Structures are given as structure tokens and as C-alpha cells.
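# Fold and geometry: a report
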Amino acid sequence: MESGPLTYVIGDIHGCADLLDALLERIADHAADRGRRLVFLGDYIDRGPDSAAVLRTVSRLNWAEPEHVICLMGNHERMLLDALQTPQAAEHWLYNGGEATLASFGAREAGDLPRDTLDWLEGLPTLHGDDARWYVHAGFRPGAAIPDPDDHNRLWIREPFLEGDHDFGRHVVHGHTPQRNGRPEIRRFRTNLDTGAVYGGALTAGVFSAAQGPALHFLQVRAPA
């Protein structure tokens with residue numbers, strides 16, 4: 001078993017607070033007394049039953065240990081922030097699951113959400129890296145500078161990132177594109193950890209060491225059948 005510090009990377013949560021709590025327990029048991037870091041790939045909100053609880057949990061972890069808990073922005077967080085700007089953006093966000101987020105806060109519109117929550121979301125980065133990997137919500141555009149500097153690509157891209165095998169210099173760990181079979185997508189140069197938790201799949205954490213790019217293994221939790 002890997003004895004050094006481990007990095008646990010958590011895929012798209014989408015308001016599934018019970019699954020998040022259970023996965024964090026699995027991570028704590030797995031890490032035991034080893035050093036550990038958490039990286040969240042974004043999409044904490046929308047569609048699922050309790051986005052408010054997910055944001056409380058993740059933001060508190062980040063505030064308590066900012067050097068060891070990295071929280072990235074997802075496209076759903078970007079949609080919420082954009083919803084504060086125009087009615088058209090608000091309509092787009094609501095259509096994509098924003099109503100569930102409002103309900104979890106007991107709010108009527110995006111501007112009613114707690115200011116400290118919105119400020120925290122606004123400050124989230126779209127990229128994190130270490131010596132072995134890039135962590136990003138959606139991916140990069142092949143052929144762009146490494147890492148792709150375009151926030152829109154980092155938050156939204158699917159093709160041409162998902163087609164073929166593209167070497168970005170480090171293994172890319174991402175979410176955004178749900179795997180409806182509930183299993184991580186493992187490719188030569190990237191790993192997709194969105195395993196469709198909000199669609200009845202699993203919430204997944206990839207377990208990574210400092211020594212190699214791809215995952216050592218995966219921890220998963222599922223809703224009761």
C-alpha cells in the first residue's frame with residue numbers, strides 16, 4: 001500500500017450532500033494517519049437535493065485547510081455567478097438545475113443567496129497543478145498553450161478534448177462529462193471522475209500518489225437502491 005502523502009480528487013457532486021459526507025468518511029478511513037490533500041473538481045451545486053449543504057461542507061474544509069483542500073470552479077458555479085448579471089443568464093442557470101439550488105437555500109433568486117457563499121464561489125480557481133497532474137473541471141483545448149489559459153475551455157469543453165489521446169505534459173484529472181455507467185473513464189493521458197452521482201451513479205474520489213500521474217485506485221459511494 002502507498003505509504004506517502006495521497007491526493008484524493010473528488011468528481012462532480014451536484015448537491016448530493018449525503019454521498020459527499022459518506023465519501024469523506026471513506027477518505028478519512030483510507031488515509032488513516034498519512035498526509036492527505038483533497039482536490040474538488042467543481043460542480044458542487046444544481047440538480048441534486050442539497051446544494052446548500054454541499055457548499056457548507058466544501059467551503060468549510062477549504063477555509064480550515066486552504067493548503068490541503070483545493071476547490072476548483074465548475075461550469076455550474078460559473079452559471080450561478082453569471083445569473084447575477086442578466087435575466088438571460090439567470091434563465092439559463094435555472095434551466096440547468098439552478099431551481100434545486102435555490103430551493104436548498106430557501107431562496108427565490110440567485111441574488112438572495114448568502115453573500116459569503118457567492119464571494120467564495122467567485123474566488124474559486126479554474127485550474128490546479130502539481131508535479132504529476134493538472135486538475136481542471138472540464139479539460140483543455142488540444143493545441144493550446146499548456147495548460148490552456150482559456151477559462152471557458154477549462155469549464156465547458158468536451159470535444160475535441162475528449163476525442164483521441166492528447167498529451168498535455170501531465171496527466172489531466174477532470175470531471176464535467178458524466179459517465180452514466182458509474183465508473184471513472186481511464187485514458188492514457190487523462191482520468192474523468194464524473195461518475196454521474198446525481199443521475200443515480202456513484203460519487204468518486206480518485207486516489208493519487210506523488211510518484212505517478214494516473215490513479216492508484218478509486219473510492220466510490222452510491223445512493224441506496
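The following refers to the structure shown. Predicted model, so just to flag it, every value in this text is computed and none were measured.

## What about the nonpolar core?
Ile10, Ile13, Ile27, Phe40, Tyr44, Val58 and Leu203 are the most contacted members of the largest nonpolar core, which totals 43 residues. In this structure isoleucine 13 touches Leu20, Phe40, Gly42, Asp43, Tyr44, Val54, Val58 and Leu203, once residues within four positions along its chain are discounted.

## Examining the pairing of strand 2 (residues 36–40)
Of all the 5 residues making up strand 2, 4 are buried; the element is thus mostly covered by neighbouring parts of the structure. Pairing between strand 1 (residues 6–10) and strand 2: 5 bridges, direction parallel. If you follow isoleucine 10 over to strand 2, its bridge partner there is phenylalanine 40. Once you follow strand 1 into helix 1 (residues 17–31) and on to strand 2, the crossover reads as right-handed. This β-α-β element, strand 2 to helix 2 (residues 51–64) to strand 3 (residues 69–71), shows right-handed connectivity.

## Considering the packing of helix 3 (residues 75–83) against helix 4 (residues 87–105)
Two numbers describe a pair of packed helices, the interaxial angle and the distance between the axes. Where helix 3 meets helix 4, the closest approach of the two axes is 7 Å, and the angle between their N-to-C directions is 145°. As for the relative orientation of helix 3 and helix 4, their crossing is left-handed in sense. Contact with helix 3, carried on its side by His76, Met79, Leu80, Asp82 and Ala83, involves Ala89, Ala90, His92, Trp93 and Asn96 of helix 4 and no other residues of that element. Partitioned by chemical class, the residues of the contact of helix 3 with helix 4 number 6 nonpolar, 3 polar and 1 charged.

## Quick look at the sheet that holds strand 3
Reading across the sheet, the 5 strands line up as 3-2-1-9-10 and stay open at both edges, with mixed pairing between neighbours. Across the chains shown, the open sheet's two edge strands, defined by having one partner strand only, are strand 3 and strand 10 (217–222). Looking at each pair of strands side by side, their axes are set apart by 20° on average, direction ignored. With 6 bridges joining them, strand 9 (residues 202–209) and strand 10 adopt antiparallel strand pairing. Note that in strand 10 the partner of threonine 204 across the bridge is glutamine 220. The sheet strands contacting helix 1 are strand 1, strand 2, strand 9 and strand 10, and the helix crosses strand 10 at an angle near 145°. Packed on one face of the sheet, helix 2 meets strand 2 and strand 3 and runs near 130° to strand 3.

Conventions we followed
- Residues numbered from 1 in each chain as written.
- Predicted model: local features only at pLDDT ≥ 70, side-chain atom pairs only at ≥ 80, totals over all residues.
- Heavy atoms only, no water.
- Core = buried A, V, L, I, M, F, W, Y, C linked by side-chain atoms within 4.5 Å.
- Buried < 20%, exposed > 50% of the residue type's maximum accessible area, 1.4 Å probe, protein only.
- Contact = heavy atoms within 4.5 Å.
- Helix = DSSP H or I, 4+ residues; strand = E, 2+ residues; numbered from the N terminus.
- Pairing = 2+ DSSP bridges.
- Right-handed = clockwise from strand over helix to strand, strands pointing away.
- Axes fitted to C-alpha atoms, helices over the stretch in contact; angles between N-to-C directions.
- Left-handed = near helix turned anticlockwise from the far one by under 90°.
- Nonpolar A, V, L, I, M, F, W, Y, C, P; charged D, E, K, R; others polar.

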